[in-house]
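# Examination of the molecular architecture
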Amino acid sequence: MTKTSPGEFIRQVRTEASKVVWPTRQETVTTAIFVGIMVVILSLFFLGVDSAFGAIVGWLLTLA
C-alpha cells in the first residue's frame, strides 16, 4: 500500500469536501420542526406505555 503525502491528503480532503451538498436554511428549519414534533409524539407514546405497564405491575403486585 502506497503512502499518501500530507499535501496530497489535503488536496483529496478539499476535493471530497467540495462534493458535499449542504441543506438550505429552509430544509434545516423544516427538518428541525419535524424532529421536534416526532420527539413530542414519541415521548407521549412511551409515557403512556410506561404508565400502562406500571399500572399492570402494580395491580399484579396487589394480587400477591
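In this report, we go over the structure that sits alongside the text. Small disclaimer: the values here were computed from a predicted structure and weren't measured. (Residues numbered from 1 in each chain as written. Predicted model: local features only at pLDDT ≥ 70, side-chain atom pairs only at ≥ 80, totals over all residues. Heavy atoms only, no water.)

### Points about the overall build of the chain
Just so we agree on the cut-off: By the criteria applied, helices consist of DSSP H or I runs no shorter than four residues and strands consist of E runs no shorter than two, each listed in order from the N terminus. Atoms considered for the radius of gyration are the C-alpha atoms alone. The globule rule reads 2.2 Å times the number of residues to the power 0.38. Each residue is placed in one exposure class: buried if its accessible area under a 1.4 Å probe, protein chains only, is under 20% of its type's maximum, exposed if it is over 50%, and partly exposed if it falls in between. Exposure was quantified through the Shrake-Rupley algorithm and a 1.4 Å probe, taking into account, for residues, occlusion by the shown protein chains and nothing else. His is not counted, nor are the chain ends; Lys and Arg add positive charge and Asp and Glu add negative charge. Here the site of a charge means NZ on Lys, CZ on Arg, CG on Asp, or CD on Glu.
What the chain contains, in helices and strands, is two helices and zero strands. Here the C-alpha atoms of the chain give a radius of gyration of 26 Å, more than 25% beyond the 11 Å that 2.2 N^0.38 yields for 64 residues. In terms of principal-axis extent, the alpha carbons of the chain reach across some 75 × 40 × 10 Å. Put simply, the chain has 64 residues, and 0% of those count as buried. Accessible surface for the chain amounts to roughly 6,100 Å². Of this, 73% is attributable to carbon and sulfur atoms. Both charge centroids of the chain, one from 5 positive and one from 4 negative side chains, sit 15 Å from each other.

### With respect to the pattern of salt bridges
Should their charged atoms come close, side chains of opposite charge can pair. Note the cut-off: Counted as salt bridges are all cases of a side-chain nitrogen of Lys or Arg within 4 Å of a carboxyl oxygen of Asp or Glu.
Taken as a whole and assessed by the stated rule, the structure comprises two salt bridges. For the salt bridge of Arg11 with Glu8, the shortest nitrogen-to-oxygen distance reads 3.2 Å. Taken as a pair, Arg11 and Glu8 lie in helix H1 (residues 6–18) at a separation of three residues, close to a single helical turn. As a salt-bridge pair, Lys19 and Glu16 come within 3.2 Å of each other at their nearest N and O atoms.

### A word on a nonpolar patch on the surface
Test applied: For patch building, the residue pool is restricted to those with more than 30% relative accessible area and no salt bridge; the joining distance is 9 Å between like charges and 5 Å between nonpolar side chains (Val, Leu, Ile, Met, Phe, Trp, Tyr).
Among the surface-exposed residues, Val29, Ile33, Phe34, Val35, Ile37, Met38, Val39, Ile41, Leu42, Phe45 and Phe46 lie close enough to one another that they form a single nonpolar patch of about 1,000 Å² accessible area. By secondary structure assignment, the location of Met38 is in helix H2 (residues 25–63). By relative accessible area, Met38 is classed as partly exposed at 31%.

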